[in-house]
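Here are the chains, one letter per residue:
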Amino acid sequence: GDKILDVPLSKVGGKGLFVKEIEEALLQGEIDLAVHSMKDMPAKIPAGLQIGPIPKREDPRDALISHTGAPWSALPAGCRIGTSSLRRQAQLKRSRPDLIFLSLRGNLDTRLRKVRAGEIDAIILAAAGLHRMGWQNRITDYLPIEVSLPAIGQGALALECRSEDKNVHAAIAFLNDPDTGYEMEAERAMLTRLEGGCQVPIAGFAKKTGEQIELEGLVSNLDGTEVVREKRRRPIKEAEALGIEVAELLLAKGADRILKELSEKNLFEEGAP
């Protein structure tokens with residue numbers, strides 16, 4: 001995923017590209033623990049591996065970094081916005097059809113350098129990555145989830161290990177954050193039911209409040225002209241069922257047709273679950 005930078009993710013495989021080599025190293029015993037971004041994790045985990053304890057989630061929102069320091073609402077018409085995410089492009093085109101969205105790949109340094117140099121007017125990144133690097137001061141604006149519903153798992157880490165490796169499980173158990181665990185359970189259950197990947201504009205965000213958990217899900221076509229969105233709430237012990245419920249509601253409202261049309265355009269990852 002970090003080697004092929006001149007082609008959109010949707011054309012080269014999507015989610016699995018960022019975890020496949022590390023998972024192979026786990027299975028071969030070259031490493032004992034893998035740390036991924038949860039949003040990069042496909043719905044189906046390879047046999048013999050599992051996601052372990054889930055640490056506390058960082059800020060799940062998308063963040064804007066603009067060359068001039070202008071916030072999202074004040075960006076002039078015609079600004080060039082860089083993002084590799086179909087999810088972001090679809091939602092943001094709907095919010096600001098007057099902007100130009102360009103595919104932008106590369107690590108954080110590369111993307112930030114292009115903004116500083118004025119090669120592109122602004123970029124959209126996950127706030128969590130910038131926070132973890134200590135670069136909060138570079139963020140121009142945080143996009144509310146009403147404008148850009150986050151990717152499933154955004155802001156959370158996935159600690160992956162071999163299923164039978166009890167020593168590793170015990171060593172990292174203290175990192176678990178139960179609230180984030182419930183949220184990931186709901187979001188990933190929705191992802192699994194929708195059979196989605198990086199190449200499909202699918203978004204989902206769960207939030208635990210007290211003994212309840214609320215999940216909002218979204219499926220869009222590529223240009224954001226057709227969006228289905230649903231939100232439901234359940235007790236935290238029903239997090240997985242909540243994810244399935246929201247997915248079923250989305251499918252019933254037209255997501256099934258949107259996903260079928262995207263599949264027919266060969267946008268699905270080969271071998272996606």
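Residues numbered from 1 in each chain as written. Predicted model: local features only at pLDDT ≥ 70, side-chain atom pairs only at ≥ 80, totals over all residues. Heavy atoms only, no water.

Counting its secondary structure elements, the protein chain contains eight helices and eleven strands. By the burial criterion, 51% of the 273 residues in the protein chain qualify as buried. Of the accessible surface of the protein chain, which amounts to about 12,600 Å², a share of 51% is contributed by carbon and sulfur atoms. (Helix = DSSP H or I, 4+ residues; strand = E, 2+ residues; numbered from the N terminus. Buried < 20%, exposed > 50% of the residue type's maximum accessible area, 1.4 Å probe, protein only. Areas by Shrake-Rupley, 256 points an atom, 1.4 Å probe, with all protein chains shown as cover.)

When we look at burial in helix α4 (residues 108–116), the residues that qualify are T110, R111, L112 and V115. Of the surrounding elements, those touching the buried residues of α4 are β3 (62–66) and β6 (122–126). With a side-chain oxygen positioned 3.2 Å from the backbone nitrogen of D109, the residue opening α4 is N107. Count one or two residues on from α4 and you reach G118, which has phi positive near 75°. (Contact = heavy atoms within 4.5 Å. Polar contact = N/O pair within 3.5 Å; in protein donor to acceptor, adjacent residues only side chain to side chain.)

This part covers the packing of aromatic side chains. All chains considered together, the criterion is met by zero aromatic pairs. Sitting over the ring of W72, R96 keeps its end group 5.9 Å from the ring centre. A cation over a ring is seen here: R138 above W135, with NZ or CZ 4.3 Å from the ring centre. (Phe/Tyr/Trp six-rings, centres within 6.5 Å; stacked < 30°, edge-to-face > 60°. Lys NZ or Arg CZ within 6 Å of the ring centre and 35° of its normal.)

This brings us to the sheet that holds strand β2 (residues 49–51). Across the sheet, three strands lie side by side as β1-β8-β2; this open sheet has antiparallel pairing. At either end of the open sheet lies a strand with only one pairing partner, and these are β1 (34–37) and β2. Ignoring which end each strand starts from, the neighbouring axes of this sheet average 30° apart. When β2 meets strand β8 (residues 157–162), the two strands line up antiparallel, connected through three bridges. Paired with L49 across the two strands is R162, which belongs to β8. (Pairing = 2+ DSSP bridges. Axes fitted to C-alpha atoms, helices over the stretch in contact; angles between N-to-C directions.)

This part takes up helix α2 (residues 20–27). Considered for burial, the residues of α2 that qualify are E23, A25 and L26. Buried residues of α2, seen end-on, are gathered within an arc of 155° and therefore sit on one face of the element. Relative to its buried face, α2 has exposed residues pointing more than 90 degrees away, namely K20 and E21. Positive backbone phi, approximately 80°, marks G29, located one or two places after α2. (Arc of directions from axis to C-beta.)

In this section: the pattern of salt bridges. With the rule as written, the count across this model stands at 21 salt bridges. With a shortest N-O distance of 3.3 Å, E214 and R233 are connected by a salt bridge. Here E214 is found in strand β10 (residues 212–220), whereas its partner R233 is found in strand β11 (residues 227–235), with 19 residues between them in sequence. With a shortest N-O distance of 4.0 Å, K231 and E216 are connected by a salt bridge. With K231 in strand β11 and E216 in strand β10, the pair connects residues that are 15 residues apart, well separated along the chain. (Salt bridge = Lys/Arg side-chain N within 4 Å of Asp/Glu carboxyl O.)

Most of β10 sits out of view: seven of its nine residues are buried. Across eight bridges, strand β9 (residues 202–209) lies against β10 in antiparallel orientation. Paired with F205 across the two strands is E216, which belongs to β10. Hairpin remark: β9 followed by β10, antiparallel, with two residues in the connecting loop; positive phi at G210, about 65°. Judged from the nine bridges that link them, β10 and β11 form a sheet pairing that is antiparallel.

Reading across the sheet, the five strands line up as β5-β4-β6-β3-β7 and stay open at both edges, with mixed pairing between neighbours. Looking at the sheet topology across the chains shown, the edges are occupied by β5 (100–102) and β7 (141–143). Taking the axes of each pair of neighbouring strands and ignoring which way they run, one obtains an average angle of 30° across the sheet. Across five bridges, the pairing between β3 and β6 is antiparallel. Residue pairing in the sheet places I65 in a bridge with I123 of β6. Here α4 sits on the sheet in contact with β3 and β6, set at roughly 155° to β6.

Taken as a class, soluble globular proteins show a tendency for nonpolar side chains to be buried jointly. Counting residues in hydrophobic clusters, the biggest one holds 25 residues, and the most contacted among them are M190, L194, I202, I213, V219 and L250. Of all elements in the fold, only α7 (178–194), β9, β10 and α8 (239–264) reach the threshold of two or more residues within this core. Among the elements that take part in this core, α8 stands out by supplying ten residues, more than any other. The contacts of M190, once residues within four sequence positions are left out, are I152, I202, A203, G204, L215, G217, G243, V246, A247 and L250. Core analysis: the next-biggest nonpolar cluster, separate from the first, contains 13 residues, L75, F101, A122 and L143 among them. (Core = buried A, V, L, I, M, F, W, Y, C linked by side-chain atoms within 4.5 Å.)

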